[in-house]
Every structure is written in structure tokens, then in C-alpha cells.
Amino acid sequence: MNNEGPAAHDGLHLIPFRGLRYVPERVGSLAAVTSPPYDVVVRPDGLHHLESADPHNIVRLILPQAALPEDRHRQAAETLSRWLAEGVLAADPEPALYVYEQRKGDLLQRGVIGALALSEPSDGVVLPHEDVMPEVVADRTALMRSTAANLEPLLLAYRSGGELSGTSAVIERTIPCPPVLATITEDGFSHRLWSVTDPAELDDIQRDLKNHQALIADGHHRWATYLRLRAEHTTSPGPWDYGLVLLVDTARYPLQVRAIHRLLRRLPVVDALAAIGGSFRVRSLDVPVQQALDALAEAAAEGNAFLLAGDGRFHLVDRPDPELLADTVPGGRPVAWRTLDATVLHATMLDRLWRIPDTPERITYIHDSLAAVTQAERDGGTAVLMHPVREEVVRDLAREGVTMPRKSTSFGPKPATGLVLRSLNLD
């Protein structure tokens, strides 16, 4: 990495780094060592599947398994050191920015992976839009501190004018060249990665990005982790002043916005419905999951709506009592925030009607709707299926400095974990 310190807060400051990448000859396949981001892995089933896919699957670093947290973090650090010593992972010979492409059918996403100068939300350069869970930040901080590595890139979105210049022009000039890796993961996505080391191309990207701000699309907890670790390392400038990110220009490659669902493990559906009483309209649907989600989308177009599942049926919950909302949803925030489904769910349903604290022991966040329903039915709990928030609502609230309830959105497609890592000992 060059020795230039973080720029003044005039935009995004992205610099190259020596990427750590799997050595193809040392693993079964590149696809077999990748993983979704740590918080998307469905546990325990998905975790076990990834662990068995290849003994060097990246999940052994991002989700190490041991009884005590300190043992997990130490295990990840030891595993990373061993893989480096054995040549399973190796550093690229020179610092680079990486053009990254994901494709599945008609869906195409391209962006640039690099080390981004860290900034506080008040600087207006990188905008968060969700609250974070302190216990998750603490866990990710301990893991990152132990490994001294950024194990997976955050997904950040910025918007150009859509023109083919600057970063987008570099991307278009790069993709006809042979990639440094190409693989297809079991979800059907193809992934290609190119290393950009030419000084003129790097300069084009850096000059262009300094004109932009970015929205954290995925990775709020890891961004908070970056900031916490930067505060611990007072020698500046240094590697802890930067964090690994994927920047995507959504003017050229719009992201998909999906919902994140809730699994209430200790609340049976019958008890959930009883507590709701007449506070919402409730309709039971004996239909497949996709038809139930279609009904949710139709109801969500008119106001707050949720699907409850876990007893073999779906229960569409909508039309909340206005007086109850006025009594439970905090004031002093924009209307767009007060009418969010996630706001109503947490303030009205979880806090008031169900009295469930937002802790990992009581609430599990699951990205896949079918997985949420399956686990609820297996555990005798309640899955709360959500409808996605529109991207413009997310961006407008972020620009106002208003954060949404935690795990309100899921932007994607998310970068595969394991294609390129960043060691802070190499910078």
C-alpha cells in the first residue's frame, strides 16, 4: 500500500493493497472455499455444509467454532497463520485495486475492491443507514484484532451520473483482459476478479471516487468494527486507518434490496397471535410461501404489513391500530422512519405486544424467507417475514443522518467471501 494518509473529508479515498488469495493448486476448487458473508450463513445447517465443502473453506476464518469467544478468535488467527505458512493463501506480489464482477442470468454487477480510508458518519463520506448490535461489533472486533485481517469486503454503493468515465471507464477497459480468478459458486453466480496495478488506471479511479460519497449497503457491523480498531491504533497513518470494501456504482449497476426476516425462537405462533389481539388485522393464508409473499407485497403497498409463520400456515398481519402506533412509535423522527415496517415491528410488536428484547438469544436475523420458516417450524417459534424497503427511502434517511432499526435491509448481490482478503500486516 502506498504511504499516503487518509485525505481530508472530500470524498472516497480508495487505495491499493496486496490481496491475500487462495492458491488454486492447494484447494479443491475456488468455489468450494468461498462463503456468503458471515451474517448470511444460515446456522447450523449452512455452516456445516460450508465446513464440509473443503477443509480450507473461508468460513473457518469468519465463523470459527469453539465453546468460548476467545477460543474462536484465537483459532481463526492460528488457522490463518497456518494457511499462509502452508501456501494455501498467498499475497499478491504488488498492491492493486481489484475489479470484481458477479453475474447470474440477466443480473450483472461490477465494482472495485480496495482499502478505503475510514471516516465518521458526521463526515458525510460513508453513510450508515442502520443501527448496529454492540455484541456483534464486539465479536467482529475481537476476531479482526486477533487475525489482523479484513476477511471479507463490505458492500458500499455510490452513484455517478451514469457516464462512462473515471472508475467505470477503468472497469470497462479491464474486463476484456484475462481475470486473475474465475469461478461459479453453487448459488449459480459466476465471479471474476481482475488485478489493477497500472499507476494511470489507479489514479483515474482515485480521482473519480474523491468526488463521491457512499452508502453502506451491507456491512454496518464491520464498518463499526473498523472504526473501533482504528481508535485502538493511534499511530497514523497506518493500515488500521483503512478497511476492505467493494464499491459499486448503482447508477450503472443497481443493487437489489431484499428484506431481512426475524426468527423469534421462544415465541410460538399461537402466542404471538394471541398477544396481537385486535391491534392489527390478521388473516390466515393456507398457501405456498411465494403466494404468501405476494400477498405481503400487496398489503405492504398500503401500509405496515408482516407475515407470521411457524405453525404450518402463514398469517398476514396488517392495518395496525393508529392509536397504538401513536403510543409506541417514537416521535421526533421523519415520517419515513416512523412508518417503516422495521420501526413498527420493533417499537410496537416486539417491545409492546410481545415484550421480546432484541438480543441474539431471543431474535435471530435470517436473510432467506424459506430458511426462516423452516427453522421456525422446527423450533416451534415464530418467523416474521418482512417486505423490502425501497432504496430511495434508505438513501434519503441516511443523508438526513437518520439510522433505521438494525437489520432493516439486505442489499445485494453481496460479494462472495474468500476471493480476496486484506492482511493488515502487509501494509
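First things first, this report covers the structure right here in the doc. It should be emphasised that the depicted structure is a prediction, and the values quoted were computed from it without experimental measurement.

About the criteria used
- Residues numbered from 1 in each chain as written.
- Predicted model: local features only at pLDDT ≥ 70, side-chain atom pairs only at ≥ 80, totals over all residues.
- Heavy atoms only, no water.
- Helix = DSSP H or I, 4+ residues; strand = E, 2+ residues; numbered from the N terminus.
- Rg over C-alpha atoms; globule rule 2.2 N^0.38 Å.
- Buried < 20%, exposed > 50% of the residue type's maximum accessible area, 1.4 Å probe, protein only.
- Contact = heavy atoms within 4.5 Å.
- Areas by Shrake-Rupley, 256 points an atom, 1.4 Å probe, with all protein chains shown as cover.
- Lys, Arg positive; Asp, Glu negative; His and termini not counted.
- Charge placed at Lys NZ, Arg CZ, Asp CG, Glu CD.
- Axes fitted to C-alpha atoms, helices over the stretch in contact; angles between N-to-C directions.
- Nonpolar A, V, L, I, M, F, W, Y, C, P; charged D, E, K, R; others polar.
- 1 Å grid on protein atoms, 1.4 Å probe; cavity = no way out; pocket = protein on both sides within 12 Å on 5 of 7 lines; lining within 4 Å.
- Points joined across faces, edges and corners; volume = space filled by probe spheres on them.
- Phe/Tyr/Trp six-rings, centres within 6.5 Å; stacked < 30°, edge-to-face > 60°.
- Lys NZ or Arg CZ within 6 Å of the ring centre and 35° of its normal.
- Left-handed = near helix turned anticlockwise from the far one by under 90°.
- Arc of directions from axis to C-beta.
- Salt bridge = Lys/Arg side-chain N within 4 Å of Asp/Glu carboxyl O.
- Polar contact = N/O pair within 3.5 Å; in protein donor to acceptor, adjacent residues only side chain to side chain.

**Topic: the overall build of the chain**
The helix and strand tally for the chain stands at 15 helices and 21 strands. Expected size for 427 residues packed as a compact globule is a radius of gyration near 22 Å; at 22 Å, the chain falls within 12% of this value. Within the chain, the proportion of its 427 residues that are buried is 55%. If you take every contact in the chain between residues at least 6 apart in sequence, the share linking residues at least 24 apart comes to 79%. When the accessible surface of the chain is split by element, carbon and sulfur atoms take 50% of a total near 17400 Å². A gap of 1 Å separates the mean positions of the 43 positive and 57 negative side-chain charges of the chain.

**Re the packing of helix 6 (residues 166-174) against helix 7 (residues 199-209)**
Running from N to C, helix 6 and helix 7 point in directions that differ by 150°, and their axes come no closer than 7 Å. Residues Gly 166, Thr 167, Val 170 and Arg 173 of helix 6 touch helix 7, and the partners they reach there are Glu 201, Asp 204, Ile 205, Asp 208 and Leu 209. Taken together, the residues that form the contact of helix 6 with helix 7 break down as three nonpolar, two polar and four charged.

**Regarding the layout of surface pockets**
Computed from the structure, the largest pocket encloses a volume of approximately 1300 Å³. Only helix 1 (30-33), helix 2 (45-53), strand 4 (97-104), strand 13 (256-258), helix 10 (289-300), helix 14 (369-379) and strand 20 (410-412) provide two or more residues apiece to the lining of the largest pocket. Among the residues forming the lining of the largest pocket, the class breakdown is 22 nonpolar, 17 polar and eight charged.

**A few points about the packing of aromatic side chains**
Within this structure, the stated rule accounts for four aromatic pairs. Here Arg 140 stacks its cationic end above the ring of Tyr 38, 4.1 Å away from the centre of that ring. Here the guanidinium or amino end of Arg 333 rests over the ring plane of Trp 337, the centre of that ring lying 4.4 Å away.

**Things to note about the packing of helix 4 (residues 69-86) against helix 5 (residues 134-147)**
Two numbers describe how helix 4 lies on helix 5: the axes approach to 8 Å, and their chain directions differ by 35°. Read as a crossing pair, helix 4 and helix 5 show a hand that is right-handed. For the pair helix 4 and helix 5, the contacting residues are Arg 72, His 73, Ala 76, Ala 77 and Leu 80 in the first and Asp 139, Ala 142, Leu 143, Ser 146 and Thr 147 in the second.

**Topic: helix 9 (residues 269-276)**
Regarding helix 9, the residues found buried are Val 269, Ala 272 and Ile 276. Buried residues in helix 9, looked at end-on, bunch into an arc of 60°, giving them a common side. Exposed positions of helix 9 whose direction lies more than 90 degrees from the buried face are Val 270 and Ala 274. Against strand 15 (281-285), strand 16 (305-309), strand 17 (314-318), helix 13 (341-353) and strand 19 (382-385) lie the buried residues of helix 9. Just beyond helix 9, the residue with positive phi is Gly 277, at close to 55°.

**Digging into the pattern of salt bridges**
One pass over the structure, following the stated rule, counts 24 salt bridges. We note a salt bridge from Asp 218 to Lys 414, for which the minimum N-O separation is 3.0 Å. With a gap of 196 residues between them, Asp 218 in strand 11 (residues 214-218) and Lys 414 in the loop between strand 20 and strand 21 (421-423) connect regions that are remote in the sequence. We note that Asp 218, like Lys 414, is buried. Among the ionic pairs, Arg 352 bridges to Asp 327, the shortest N-O distance being 2.9 Å. Here Arg 352 is found in helix 13, whereas its partner Asp 327 is found in helix 11 (residues 322-328), with 25 residues between them in sequence. Overall, the relative accessible area of 30% leaves Arg 352 in the partly exposed class. Asp 327 gets classed as exposed once you look at its relative accessible area, which sits at 51%. Linked through salt bridges whose partners overlap, the residues forming this network are Glu 101, Arg 103, Arg 110, Glu 172 and Arg 192.

**A look at the side chain of His 191**
Relative to the assigned elements, His 191 resides in strand 10 (residues 190-196). The class for His 191 is buried, based on a relative accessible area of 3%. Within polar-contact distance, the side chain of His 191 engages the side chain of Thr 185 at 2.9 Å. Among residues more than four places away in sequence, those in contact with His 191 are Tyr 100, Glu 101, Gln 102, Leu 181, Ala 182, Thr 183, Thr 185, Ala 416 and Leu 419.

Read these as layout, nothing more, since geometry by itself doesn't imply function.
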